[in-house]
Amino acid sequence: MNYYQKFLEQIENLTNVKKTDKNTKPTLLLHACCAPCSSHVLSVVAEHFDVTVFFYNPNIDDEAEYKKRLDELVRFTGEADFARDVKVADGGYGPEEFFKMAKGRENLPEGNERCYDCYKLRLKKTAEYALMHGFDFFTTTLSISPYKRSDWINEIGTSLEREMREEICGQCGSVTGLAAQGGSDDVSGLAAQDESDDVSGLAAQGGSDDVSGFAAQGDKDGLSGENGAGRIPEFLFSDFKKKNGYKHSIELSSEYSLYRQDYCGCIFSKVERDKKLKEKGAAEVASCEL
């Protein structure tokens, strides 16, 4: 599936709405992992949405690293002209949830089901926050990275939207967005449609990170009514690395002197990075000795 094309179609739909109501600018909760990844994404979405960046990353176990990335994000949104109206919400430092999710899978290599469930953990919290605060859309910056799988990200996002609609709407009333498209655009099994990457079965493996409970969460927080809190947010498709998006993020990082970390944030990624650096150093030493 071409997720970038799906994104463009959603933007086109927004443009058509604006033609009838010029004051309409839907709200978007954008999960962000760091300022560099947010840079290009904000340059694209800020024109179309009233954006709040949601910094929720329990995979970052080092509190100093967490604060450094958050502070850099806040600085960037204050300096970039296209991001001046963007708000930043801190989801809070708390690596316990990540380690709970990763238990028993500590030795898996990067890019396996632990990473899938890490995406899921962060997107689930984003969806919950979007629901609680009445956002129209939610998505994430993660797909900007060439190291992150957009098929997984979009599969998880559409699954979470569907979960919210099924649990909260039930069989009553009309729904909007993806659910209303029905059979013409089935959002289940998206990853299986990507012939280049077989990710079948991973969604089932994500059972350790239950995505149910949206309705209960809504009841607990008094989320009801047609406007504001209780609105079911639509997932915004994303593959922000396309059209030189990743390259643009590097350029913006240089322009604003952004801190660009060289690992995702989790301890497992950090260990793997250190191992590669050590191997690279050893190889360079061996080369010099020849």
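Quick note: structure is the one above.
Criteria and cut-off values
Residues numbered from 1 in each chain as written. Predicted model: local features only at pLDDT ≥ 70, side-chain atom pairs only at ≥ 80, totals over all residues. Heavy atoms only, no water. Buried < 20%, exposed > 50% of the residue type's maximum accessible area, 1.4 Å probe, protein only. Helix = DSSP H or I, 4+ residues; strand = E, 2+ residues; numbered from the N terminus. Salt bridge = Lys/Arg side-chain N within 4 Å of Asp/Glu carboxyl O. Expected span 1.5 Å × (residues − 1). Arc of directions from axis to C-beta.

**Focus on helix H2 (residues 35-45)**
So, point 1. Counting buried positions along H2 gives nine out of 11 residues, so the element sits mostly inside the fold.
So, point 2. Every buried residue of H2 is listed here: Ala35, Pro36, Cys37, Ser38, Ser39, His40, Val41, Leu42 and Val45.

**With respect to the pattern of salt bridges**
Close approach of charged atoms lets side chains of opposite charge pair.
So, point 1. Summed over the entire model, instances satisfying the criterion amount to 15 salt bridges.
So, point 2. With its nearest N and O atoms 2.8 Å apart, the salt bridge here joins Glu72 to Arg75. Taken together, the residues Glu72 and Arg75, both in helix H3 (residues 63-79) and three residues apart, mark about one turn of the helix.
So, point 3. The exposure class of Arg75 is partly exposed, given its relative accessible area of 26%.
So, point 4. Here the salt bridges share partners, and the residues they tie into one network are Glu72, Arg75 and Glu79.

**So, H3**
So, point 1. Between its first and last C-alpha atoms H3 spans 24 Å; for 17 residues at 1.5 Å apiece the expected length is 24 Å, and the two agree.
So, point 2. Residues of H3 that are buried include every one of Glu65, Tyr66, Arg69, Leu70, Glu72, Leu73, Phe76 and Thr77, and no others. Angular distribution of buried residues about the axis of H3 spans 160°; they occupy a single face of the element. Opposite the packed face of H3, turned more than 90 degrees from it, sit the exposed residues Glu63 and Ala64.

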